[in-house]
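Residue-level listing of the chains:
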Amino acid sequence: MPEGHTLHRLAKLHQRRFAGGVVRVSSPQGRFADGAALVDGGVLIGSEAWGKHLLHRYDSGLVVHVHLGLYGTFTESPVPLSEPVGQVRMRMIGAGKSNGECYGTDLRGPTACEVLYEPEVEALTARLGPDPLRRNADPERAAARIRRSGRSIAALLMDQSVVAGVGNVYRAEVLFRHGISPHRTGRSITVAEWDALWTDLVALMKTGVRRGAIVVVRPEHDRGAPAYATGKPRTYVYRRAGEPCRICATTVAHGVLEGRNLFWCPSCQPATAAS
């Protein structure tokens, strides 16, 4: 599933390409036909992301909400677009005021693609925790939830109502970078540890937005080992189960927590907090 930085990159791209101009919206697949008809021909006034949710705001007051889920993807293409290929849920064509060029984008396979009214958007965002990539995000909101929880910090970081936008890669990597076992409870995380985790998440995810890739390994620890899969980022522990830790050479461990794969170094991430 795409992590939060991907949605923020998309929001910035769609803001640059479509905002301020009339957008033609259709649903070649037909599953979003009614929603597309509501916003077709409207002016896109803004595009933003909150966690893993993308929001397109129109001058009518309507908002198109997209959640990519596991399989959703946008394909960006120059205009004129070719005939739709595959199951295109939503097609957008328009020229924003920033550059005047006409662009198109096709959305396939999202978990959600729907039109919302502002009260529904407010209800959606109210359910989400602070997003490290949003201005004025309040990390104390997440800290308050974490401090009183007996759930593991790994589970809490993936809970979108606690922190919005963090996925499995950032979860595994930020915990490794700070020597925190994924099995420690939320209430065992100190104020200093949480402050460091949040600060690092902000920096790492901003790098992800800027570079269009997850970059988590410090240069001094990257010894040229191959990426875990073609086109995927180098990591400390994510998808490196059974391989030696980049720092201490201990075998990277793997488990399953709340249905998601978990990766950590038993030596670098001890089960108890440092005294």
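Residues numbered from 1 in each chain as written. Predicted model: local features only at pLDDT ≥ 70, side-chain atom pairs only at ≥ 80, totals over all residues. Heavy atoms only, no water.

- The name recorded for the protein chain in an unreviewed UniProt entry is Endonuclease 8 1, from Nocardia vermiculata.
- Turning to the protein chain, the UniProt annotation filed under Cofactor (unreviewed entry) states: "Zn(2+)".
- Its UniProt record gives the protein chain a comment under Sequence similarities (unreviewed entry), which states: "Belongs to the FPG family." (UniProt positions renumbered as here; feature names shortened; annotations may be inferred.)

### Here we look at the pattern of salt bridges
Phase 1 of the analysis: As enumerated under the stated definition, the model contains 12 salt bridges in all.
Phase 2 of the analysis: Residue Asp 40 pairs with Arg 24 through a salt bridge whose shortest N-O separation is 2.8 Å. Remark: Arg 24 occurs in strand 1 (residues 22-26) and Asp 40 occurs in the loop between helix 2 (33-39) and strand 2 (42-50); sequence separation between them is 16 residues.
Phase 3 of the analysis: In this structure, Glu 48 and Arg 134 form a salt bridge, with 2.9 Å as the shortest nitrogen-oxygen distance. Pair noted here: Glu 48 is in strand 2 and Arg 134 is in the loop between helix 3 (118-126) and helix 4 (139-147), with a separation of 86 residues, a long-range link. (Salt bridge = Lys/Arg side-chain N within 4 Å of Asp/Glu carboxyl O. Helix = DSSP H or I, 4+ residues; strand = E, 2+ residues; numbered from the N terminus.)

### Focus: helix 7 (residues 191-211)
An α-helical segment advances 3.6 residues per turn. Residues three or four places apart therefore align on the same side.
Phase 1 of the analysis: In this model helix 7 runs 30 Å from its N-terminal to its C-terminal C-alpha over 21 residues, within 8% of the 30 Å that 1.5 Å per residue would give.
Phase 2 of the analysis: Within helix 7 the residues assigned to the buried category are Glu 193, Trp 194, Leu 197, Trp 198, Asp 200, Leu 201, Val 202, Leu 204, Met 205, Thr 207, Gly 208 and Val 209.
Phase 3 of the analysis: Looking at the buried side of helix 7, the elements it contacts are helix 1 (4-18), helix 4, helix 5 (153-158) and helix 6 (168-177).
Phase 4 of the analysis: Backbone geometry just after helix 7 places Gly 212 at a positive phi near 70°. (Expected span 1.5 Å × (residues − 1). Buried < 20%, exposed > 50% of the residue type's maximum accessible area, 1.4 Å probe, protein only. Contact = heavy atoms within 4.5 Å.)

### Let's talk about the state of the cysteines
Simply put, disulfide is the name for a covalent bond between the sulfur atoms of two cysteines.
Phase 1 of the analysis: On inspection of all chains with the given rule, the structure shows zero disulfides.
Phase 2 of the analysis: The thiol sulfur of Cys 245 is not disulfide-bonded, and the nearest other cysteine sulfur, from Cys 268, lies at 3.7 Å.
Phase 3 of the analysis: Of the residues examined, Cys 245 reaches a relative accessible area of 5% and is grouped as buried. (Disulfide = S-S within 2.5 Å.)

### What to know about the domain arrangement of the protein chain
Phase 1 of the analysis: On domain assignment, one finds that the protein chain holds domain 1 (4-127) and domain 2 (139-264).
Phase 2 of the analysis: Taking the mean C-alpha position of each, domain 1 and domain 2 sit 30 Å from one another.
Phase 3 of the analysis: When the buried area of domain 1 at its contact with domain 2 is split by residue, His 5, Arg 9 and Lys 52 rank highest and sum to 60% of it.
Phase 4 of the analysis: On the surface where domain 1 and domain 2 come into contact, there are zero salt bridges.
Phase 5 of the analysis: At the junction of domain 1 with domain 2, the criterion picks out two residue pairs in polar contact (both at pLDDT 80 or more).
Phase 6 of the analysis: Looking at the side of domain 1 that touches domain 2 element by element, the count peaks at five residues for helix 1.
Phase 7 of the analysis: Taken together, the residues of the side of domain 1 that touches domain 2 sort by class into one nonpolar, four polar and four charged. (Domains from an automatic or database assignment. Buried area = accessible area lost by both parts, 1.4 Å probe. Polar contact = N/O pair within 3.5 Å; in protein donor to acceptor, adjacent residues only side chain to side chain. Nonpolar A, V, L, I, M, F, W, Y, C, P; charged D, E, K, R; others polar.)

### Quick word on unusual backbone geometry
Phase 1 of the analysis: Cis geometry marks the peptide bond from Val 79 to Pro 80, where omega comes out at 5°.
Phase 2 of the analysis: Residue position: Pro 80 is located in the loop between strand 5 (73-78) and strand 6 (88-95).
Phase 3 of the analysis: Of note, the phi angle at Asn 136 is positive, near 65°, even though the residue is not glycine.
Phase 4 of the analysis: For Asn 136, the position within the fold is in the loop between helix 3 and helix 4.
Phase 5 of the analysis: You can call Asn 136 exposed: its relative accessible area is 80%.

### Structural notes on the sheet that holds strand 1
Phase 1 of the analysis: Spatial strand order, 5-7-6-1-2-3-4-8: eight strands in an open sheet with antiparallel pairing. Of all strands in the sheet, those with a lone pairing partner are strand 5 and strand 8 (112-116), marking the two edges. Between one strand axis and the next, the sheet turns through 25° on average, direction left out of account.
Phase 2 of the analysis: Examined bridge by bridge, strand 4 (residues 63-67) and strand 8 share five bridges and lie antiparallel to one another. If you follow His 67 over to strand 8, its bridge partner there is Ala 112.
Phase 3 of the analysis: Across the sheet, helix 3 lies against strand 2, strand 3 (53-58), strand 4 and strand 8, angled at about 160° from strand 3, the strand it touches most. (Pairing = 2+ DSSP bridges. Axes fitted to C-alpha atoms, helices over the stretch in contact; angles between N-to-C directions.)

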